[in-house]
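Fold and contact review
For reference, the chains in residue letters:
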Amino acid sequence: SIPSIVHYVYLKKDEKSILHFTFQDFLSVYASILYFNPSSILIHTDHNASYLEDAASQGNLWTRKILTSFPKTVKFNSVKAPTHAGNGKEIWKIEHKSDFVRIEQVHATGGIYLDWDVLPLRSLHPLLDSGFESVVGRQPGGKVNNGAFMAQKGSSFTGLMNKEGNKVFDGGWETHSIKLALAVSERLMKTPKKVLIMEERAFSPTSWRAPSPEQLFAPHNETPVPVSPLRNDDFNDDPELAWEAEKSEKREWELDFSPSYLLHAYKQRGDPIPGFEAVTLPYVLKRDSNYALAAWPVVQHALDNGIIEESD
C-alpha cells in the first residue's frame, strides 16, 4: 500500500519570510487528520528549529494551532530549497523550488502530497490500498496536476519526475511539473499497477478559470443549507436513501462533490469574487457557498472536539 503519510511544503521566499498559516491551511491539515488517519503529517520547510519554536508561541492563531494542536502527528522536516536544477538552470521561483522538494520527499518516504489549497473530502484509503504504485489526477483540461498525488516509496513515477525534471527544467511554469507529470504517468500506464490516473473531478472538481472560482467561493446570502449526516457520504451507509434526501435538499447553485476525494480550491485569477474575501470560520459556518458546504463537516468536527472555538 501507499503509506498514509501526508506531505506539505512551506519554503521561504526570502530571508525576511515568516511562517504564516491561514484558516484554509488549518482546514487542509485537519481534514487530512480526520479523513486519512495519517501516521504522520510532514511539513517540509527551510525555517530553522528555533524559528519554528518561536512561531508556535508567537505566530498568528492558525500558525499556533497547526504547530501545537497535533504534536504526535504534525512534524517539521528540515530541507534545503534547491537553487539550481541538475542541468545547471537557476531555480528562482518559490513554486518551482517546491515542485522539486515535493517529488524528492515523497520519493524518499512515500505518501500523499497536498498543496495548501487542497481540501480533503473523504478517505483516500481505497486508492492507497488499490495496489497501484502511484495515483495522480487530471486537472481541468486533461493535464496531470502535481498539487495532489500519492505514491509508494521509491515509485517509478516520483523517480522519473525527479530524474527528468532536473533535465528538462527551463524556468517555464509547467515544463518540469504538470507537462512532465502527464508524459511520465501516461507512459507508465502501459506497465500494470504503476500509475492510476483519476478523472478531473476526483482531485480537481473546480477550475481557476471563470466562472468556476465564483461558483466555488461566492456566498449566496441565503439561510444556511440544511446539514444532515446524509449530506456527507462519509457518514451514510445507505446510498439510495442519501440519493433521495439530497434530491430534496439540494439548491440550484450547489455543486456535487460526490465523485471527489479532494477539492483543489483554485482561487480567482483577476477580478475579485463578489462578497468573498477569504476562507474564515464564520464564512464556513454560514454554509451558503459551495466551499463552505464542503468544509463544514471538517469545521464541525473540530468544534465538537474542542480543537477550535466559534470565537476563533
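Worth saying up front: this structure is predicted, and the values here are computed from it rather than measured.

Along the chain, the regular secondary structure elements total twelve helices and nine strands. Relative to the 2.2 N^0.38 estimate, which gives 20 Å for 312 residues, the radius of gyration of the chain is 19 Å and therefore close to what a compact globule would have. Oriented by its inertia axes, the alpha-carbon framework of the chain measures out at about 55 × 50 × 40 Å. Put simply, the chain shows about 14800 Å² of open surface, and 50% of that area lies on carbon and sulfur atoms.

Next up on the list: the packing of aromatic side chains. By convention here, two paired aromatic rings are described through the distance between centres and the angle between planes. For the structure shown, the criterion picks out 17 aromatic pairs. Centroid distance Phe21 to Trp116: 4.9 Å. Interplanar angle 45°. Geometry classified as tilted. Residue Phe21 is found in the loop between strand 1 (5-10) and helix 1 (23-36), and its partner Trp116 is found in the loop between strand 4 (111-114) and strand 5 (118-120); the two are separated by 95 residues along the sequence. Comparing Phe21 with Trp116, the two get one shared label, buried.

The next subject is the sheet that holds strand 8 (residues 195-198). Think of a sheet as strands paired side by side through backbone hydrogen bonds, with each pair either parallel or antiparallel. The strand order across the open sheet built from seven strands is 3-2-1-4-7-6-8, with neighbouring strands paired in mixed fashion. Where the open sheet ends on each side, the last strands, each with one partner, are strand 3 (74-78) and strand 8. Each adjacent strand pair in this sheet contributes to an overall mean axis angle of 25°, direction not counted. Relative to strand 3, strand 2 (residues 40-45) is paired through five bridges, and the arrangement is parallel. Bridge pairing links Ile43 to Phe76 in strand 3. Along the sheet, helix 1 contacts strand 1, strand 2, strand 3 and strand 4; its crossing angle with strand 1, the most-contacted strand, is approximately 170°. Strands in contact with helix 7 (residues 178-188) are strand 6 (134-138), strand 7 (144-151) and strand 8; relative to strand 7, the strand with the most contacts, it is inclined by about 50°.

Here the focus is helix 1. A turn of α-helix holds 3.6 residues, and therefore any two residues three or four places apart point the same way. The end-to-end C-alpha distance of helix 1 is 19 Å, a good match for the 20 Å that 14 residues give at a rise of 1.5 Å each. The element helix 1 is extensively covered by neighbouring structure, given that twelve of its 14 residues are classed as buried. Phe23, Gln24, Asp25, Phe26, Leu27, Ser28, Val29, Tyr30, Ala31, Ser32, Tyr35 and Phe36 are the residues of helix 1 that are buried.

Of all hydrophobic cores here, the largest spans 63 residues; its most connected members are Phe23, Leu27, Leu124, Phe203 and Tyr291. Element by element, the count of residues in this core is highest for helix 12 (residues 290-304), at nine residues. Here this core spans two domains, since at least three of its residues come from each of domain 1 (5-202) and domain 2 (211-305). In this structure, Phe203 is in contact with Leu124, Leu127, Val135, Val136, Gly137, Ala148, Met150, Met198, Tyr261, Leu262, Leu263 and His264, ignoring residues within four places of it in sequence.

Along its sequence, the chain is organised into domain 1 (5-202) and domain 2 (211-305). Centre-to-centre, using C-alpha coordinates, domain 1 lies 25 Å away from domain 2. In this complex, domain 1 contributes 29 residues to the contact, which on the side of domain 2 involves 28 residues. With both sides pooled, the region where domain 1 packs onto domain 2 buries about 2600 Å², and carbon together with sulfur makes up 61% of that total. Among the residues domain 1 hides against domain 2, the three largest losses belong to Leu121, Arg122 and Arg201. Together they make up 26% of the total. Where domain 1 touches domain 2, the interface holds zero salt bridges. At the junction of domain 1 with domain 2, the criterion picks out 14 residue pairs in polar contact (both at pLDDT 80 or more). When contributions to the side of domain 1 that touches domain 2 are tallied by element, the ones reaching two or more residues are helix 1, strand 5, helix 5 (125-128), strand 7 and helix 8 (200-203).

Calculation criteria
- Residues numbered from 1 in each chain as written.
- Predicted model: local features only at pLDDT ≥ 70, side-chain atom pairs only at ≥ 80, totals over all residues.
- Heavy atoms only, no water.
- Helix = DSSP H or I, 4+ residues; strand = E, 2+ residues; numbered from the N terminus.
- Rg over C-alpha atoms; globule rule 2.2 N^0.38 Å.
- Areas by Shrake-Rupley, 256 points an atom, 1.4 Å probe, with all protein chains shown as cover.
- Phe/Tyr/Trp six-rings, centres within 6.5 Å; stacked < 30°, edge-to-face > 60°.
- Buried < 20%, exposed > 50% of the residue type's maximum accessible area, 1.4 Å probe, protein only.
- Pairing = 2+ DSSP bridges.
- Axes fitted to C-alpha atoms, helices over the stretch in contact; angles between N-to-C directions.
- Contact = heavy atoms within 4.5 Å.
- Expected span 1.5 Å × (residues − 1).
- Core = buried A, V, L, I, M, F, W, Y, C linked by side-chain atoms within 4.5 Å.
- Domains from an automatic or database assignment.
- Buried area = accessible area lost by both parts, 1.4 Å probe.
- Salt bridge = Lys/Arg side-chain N within 4 Å of Asp/Glu carboxyl O.
- Polar contact = N/O pair within 3.5 Å; in protein donor to acceptor, adjacent residues only side chain to side chain.

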